[in-house]
Amino acid sequence: MSNIFKVKANEFEFSFTEEQAKEADLIKRTATEFNLLIEHRSVNAKIISEDLAAGKLNIEVEGDSFEIIIIDELNQELEKMGFGVVSNKQIKEVKAPMPGLVLEISVIEGQELIEGDKILILSAMKMENSILIHTNATIKRIAVTSGQAVEKGQVLVELE
């Protein structure tokens, strides 16, 4: 089964599969310049800036600038739970992305966090997963304790 990627480019939204991306007729001209053949038409693109960890690119296509956000399947699920990379709404809760065991809580109530700060470590499927905050916020209430088992979607912390 193929991964499906959701893409937001300015006000446009579309999706593509991993196979479609591999089949694309893309030629890398330099480290930041590409040529793409789409429906028998040649299109030139240039990467202006990139944050690959966040799935964000700023590209110029034939003189027009586009802010591109590429969302993989995991981040699409995280977005549905309220803390995805493209969510502009104020986040009030951080929920468990999967069932697991809380190993460590890295915050205290009233603590101010900035985007990227670690909230806690959740052990799931024999892996330790750092749960990070995806916006600036203040911890209102910690809803779990270290050593507690949690279910997918369970509230871990409430935010102000």
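Figured I'd write up the structure that's included with this text. This one's a predicted model, so the numbers in the text were calculated from it and none came from an experiment. (Residues numbered from 1 in each chain as written. Predicted model: local features only at pLDDT ≥ 70, side-chain atom pairs only at ≥ 80, totals over all residues. Heavy atoms only, no water.)

### Observations concerning the pairing of strand β1 (residues 4-9)
In β1, alternate side chains face the same way, and those of Phe5, Val7 and Ala9 are buried while those of Ile4, Lys6 and Lys8 on the opposite face are not. Bridge count between β1 and strand β2 (residues 12-17): six bridges; the pairing is antiparallel. Residue pairing for β2: Lys8 is matched across the bridge by Glu13. Where β1 lies against strand β7 (residues 64-71), four bridges are found, and the strand directions are antiparallel. For Val7, the partnering residue across the bridge sits in β7 and is Ile70. (Buried < 20%, exposed > 50% of the residue type's maximum accessible area, 1.4 Å probe, protein only. Helix = DSSP H or I, 4+ residues; strand = E, 2+ residues; numbered from the N terminus. Pairing = 2+ DSSP bridges.)

### Examining the side chain of Asn35
Checked against the element boundaries, Asn35 lands in strand β4 (residues 33-38). There is a polar contact of 2.7 Å between the side chain of Asn35 and the side chain of Asn44. Setting aside chain neighbours within four positions, we find Asn35 in contact with Asp25, Leu26, Ile27, Arg29, Ser42, Val43 and Asn44. (Polar contact = N/O pair within 3.5 Å; in protein donor to acceptor, adjacent residues only side chain to side chain. Contact = heavy atoms within 4.5 Å.)

### Points about the sheet that holds strand β3 (residues 25-28)
Ordered by their spatial adjacency, seven strands build an open sheet running β2-β1-β7-β6-β5-β4-β3, and the pairing between neighbours is antiparallel. The open sheet has two edge strands, β2 and β3, and neither has a second partner. Between one strand and the next, the sheet's axes are offset by a mean angle of 30 degrees, whatever the strand orientation. (Axes fitted to C-alpha atoms, helices over the stretch in contact; angles between N-to-C directions.)

### Structural notes on the layout of surface pockets
Of the volumes computed, that of the largest pocket is approximately 1,300 Å³. Lining the largest pocket are 27 residues, and of these Phe14, Leu26, Leu36, Ile38 and Ile59 sit closest to its centre. Elements with a contribution of two residues or more to the lining of the largest pocket: β1, β2, α1 (18-23), β3, β4, β5 (41-51), β6 (56-61) and β7. Taken together, the residues of the lining of the largest pocket sort by class into 21 nonpolar, one polar and five charged. (1 Å grid on protein atoms, 1.4 Å probe; cavity = no way out; pocket = protein on both sides within 12 Å on 5 of 7 lines; lining within 4 Å. Points joined across faces, edges and corners; volume = space filled by probe spheres on them. Nonpolar A, V, L, I, M, F, W, Y, C, P; charged D, E, K, R; others polar.)

### With respect to the sheet that holds strand β15 (residues 155-159)
Spatial ordering of the open sheet is given by β8-β15-β13-β10, a layout of four strands whose pairing is antiparallel. Each end of this open sheet is capped by a strand with a single partner; those strands are β8 (93-95) and β10 (112-113). Pairing of β10 with strand β13 (residues 137-142), which is carried by two bridges, proceeds in the antiparallel orientation. When the bridges of β13 are listed, Glu112 appears paired with Thr138.

### Topic: the pattern of salt bridges
Scanning all chains against the criterion turns up three salt bridges. Between Lys118 and Glu104 there is a salt bridge, and its shortest N-O distance comes to 3.6 Å. Taken together, the residues Lys118 in strand β11 (residues 118-124) and Glu104 in strand β9 (residues 100-105) connect sequence positions 14 residues apart. The class for Glu104 is partly exposed, based on a relative accessible area of 35%. Here Arg141 makes a salt bridge to Glu158, at a shortest N to O gap of 3.0 Å. A residue pair is termed long-range when its members are at least 10 positions apart, and Arg141 in strand β13 and Glu158 in strand β15 qualify at 17 residues. In this structure Arg141 comes out as partly exposed when scored by relative accessible area, which is 37%. (Salt bridge = Lys/Arg side-chain N within 4 Å of Asp/Glu carboxyl O.)

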